[in-house]
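Here's the letter readout for the chains.
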Amino acid sequence: MNNVIGRSSCTSILIGKKASLTGSVIIGRNEDAKTAWPKHLAFNPHQDNVKNNHFKSKDNKFEMDLPETIFSYSSTPEWTDKYGVFEEDGINEHHVAMSATESAYANERVLAVDPFDTEKGILEEAMVTVVLPYVKTAREGVQRLGEIVEKHGAAEADGILFSDPDEAWYMEIGSGHHWVAQRIPDDSYAVVANQLAIQAVVFDGNDFMYSKDLKDFVYQNQLWPKNAVFNWREIFGSHDDSDLHYNTPRVWIGQKLLTPSVEQEPQDFDLPFIRKPDKPISIQDAQAVLSNHYQNTPYDLTNPKNKNNATFRPISVATTQESHLLELNGENMIHWLAMGIAAQSVYVPFYPQGTKVPTMYKYGKETYSTNSAYWVFKLASTLADRDWNKYGTDLSNAQDEAREKTTRLRYEYDQKLAKESDPAKRIGLVNEANEKMAKTATDIFKELSAKLITKQTGDSPLRFKMDPNL
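(A) Quick peek at a nonpolar patch on the surface. A contiguous nonpolar patch, built from F464, M466 and L470 and spanning about 450 Å² of accessible area, is present on the exposed surface. Within the element layout of this structure, M466 appears in the segment after α11 (423-456).

The following block contains the structure:
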């Protein structure tokens, strides 16, 4: 875990193809770290015969040799690699998506016998970089990362999301060398919030993958009785009072949005990992989950009553650097990316196979600048924060306009691409579409900021109005 930024607050969602409205497999996550820590978008090219391809972490002493062939992939790296790469999420040329990581916590019983190797084990910052460019299916992604954990060790407890057009997988690292992964049923979804979430593990069949000696490790160290159902969450996970305010309520609100027919409590420790939705889940529904801040509930942080006395930590918070949803449907791939706080930003439906990054998505450092997409969205949200009741409608209107226009552009270019078979012309169309969608969204939010600044000139405490009684 990065000691400078301290990532421990993400929220994830995984949706099976029969649970989604369009038959897409969808995975996504909010990347939470600091209130001012920009991200960029990157399109990493295919490379062959890369000699001495070796990864060496800048965050700890983890390192490993990598294959000579690197598949092309999209990603969202940090503005600086001083503390590690943190590519976090992307889709590669073989239509495999990966998002890493959902920080989690293991219990002291497990860590007493298989502690994390914080010095040389793999960390979040390296995972996408050493896995995504080298796999052709989601299962291969799970297997590759699992082998790395078993060989090199892990430095932290994490949840990692994988998908391809057929399957979604959620993998959890529960100790220094042990992990498990579960295939999300096609008709179901999962919402995860900083807890080891997988429950009963089935060792026969194709729906689970796990470290080679997982059962022997658990039974030999008397971590669980042999005659009981092998419950990963109970064996490896933690149950802390802070979970009831920080983690569990986020799962509750996600399930409440997608399966409102089931009545549950925000502080229920037994919320299931897998749920079936009441209706097919659209990409907009998934965006609504990752953008949620308990609106329309008593726990909404935008309610002045909760400003300094909040009950539950919401999904969408000020520390979100970016929020992404990776949608795969046959040959169609969409890297939905919202810079900054999802609740105050907009998801742009980028083509991950692009070769030119839209200009403003390449820039942005820790200090505010006008040339950065991250800071364009962050400025608008900061201005709206001064008074949600007063400026929330302006923000909402800008979001609606940006969603409508970027989604329409994506549709139009999908139609153009369907008629074009020449590879070079297809890449040209993809790059053109990405630039137009990016510019459309950032222009709308620049206009929003201009409007909010203009309006807020009247909010000064130095306004003077003569007392009529004088």
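(B) Structural context of the packing of aromatic side chains. Enumeration over the complete set of coordinates arrives at 17 aromatic pairs. Ring geometry for Y219 versus F230: centroids 6.2 Å apart, planes at 85°, classification edge-to-face. Taken together, the residues Y219 in helix α4 (residues 214-220) and F230 in the loop between α4 and α5 (232-236) connect sequence positions 11 residues apart. Look at F230 and you get buried, because its relative accessible area is 4%. The structure contains a cluster of three or more aromatic residues connected by ring pairs, namely F203, Y210, Y219 and F230. The cationic tip of K416 hangs over the ring face of Y413; the distance from NZ or CZ to the ring centre is 4.3 Å.

(C) A look at the pairing of strand β14 (residues 320-329). Extensive coverage of β14 is indicated by the burial of 9 of its 10 residues. Bridge count for β14 against strand β15 (residues 332-339) is 8 bridges, and the pairing is antiparallel. Its bridge partner lying in β15, L325 is registered against W336. Hairpin remark: β14 followed by β15, antiparallel, with 2 residues in the connecting loop; positive phi at G330, about 60°.

(D) Helix α2 (residues 124-131), seen in detail. Burial runs high along α2: 8 of the 8 residues are buried. Buried within α2 are the following residues: E124, E125, A126, M127, V128, T129, V130 and V131.

(E) Fine view of the sheet that holds strand β12 (residues 189-192). Judged by pairing direction, the sheet is antiparallel, and its 6 strands sit side by side in the order β12-β1-β2-β14-β15-β16 without closing on themselves. Of all strands in the sheet, those bounded by a partner on one side alone are β12 and β16 (348-350). In this sheet, adjacent strand axes meet at a mean angle of 15° when their direction is disregarded. Helix-sheet contacts for helix α10 (residues 388-418) involve β15 and β16, and the interaxial angle to β15 is about 160°.

(F) Geometry of the environment of W336. With respect to the helices and strands, W336 occurs in strand β15. Assessed through its relative accessible area of 5%, W336 is described here as buried. A sequence separation of 299 residues divides W336 from W37, and the C-alpha atoms of the two residues are 19 Å apart. Filtering out sequence-adjacent residues up to four positions away, W336 remains in contact with I283, Q287, S323, H324, L325, E327, Y347, V348, P349 and T407. Polar contacts involving the side chain of W336 include one to the side chain of E327, which spans 2.9 Å.

Cut-offs and rules
Residues numbered from 1 in each chain as written. Predicted model: local features only at pLDDT ≥ 70, side-chain atom pairs only at ≥ 80, totals over all residues. Heavy atoms only, no water. Patch = residues over 30% accessible without salt bridge, like charges linked within 9 Å, V, L, I, M, F, W, Y side chains within 5 Å. Areas by Shrake-Rupley, 256 points an atom, 1.4 Å probe, with all protein chains shown as cover. Salt bridge = Lys/Arg side-chain N within 4 Å of Asp/Glu carboxyl O. Helix = DSSP H or I, 4+ residues; strand = E, 2+ residues; numbered from the N terminus. Phe/Tyr/Trp six-rings, centres within 6.5 Å; stacked < 30°, edge-to-face > 60°. Buried < 20%, exposed > 50% of the residue type's maximum accessible area, 1.4 Å probe, protein only. Lys NZ or Arg CZ within 6 Å of the ring centre and 35° of its normal. Pairing = 2+ DSSP bridges. Axes fitted to C-alpha atoms, helices over the stretch in contact; angles between N-to-C directions. Contact = heavy atoms within 4.5 Å. Polar contact = N/O pair within 3.5 Å; in protein donor to acceptor, adjacent residues only side chain to side chain.

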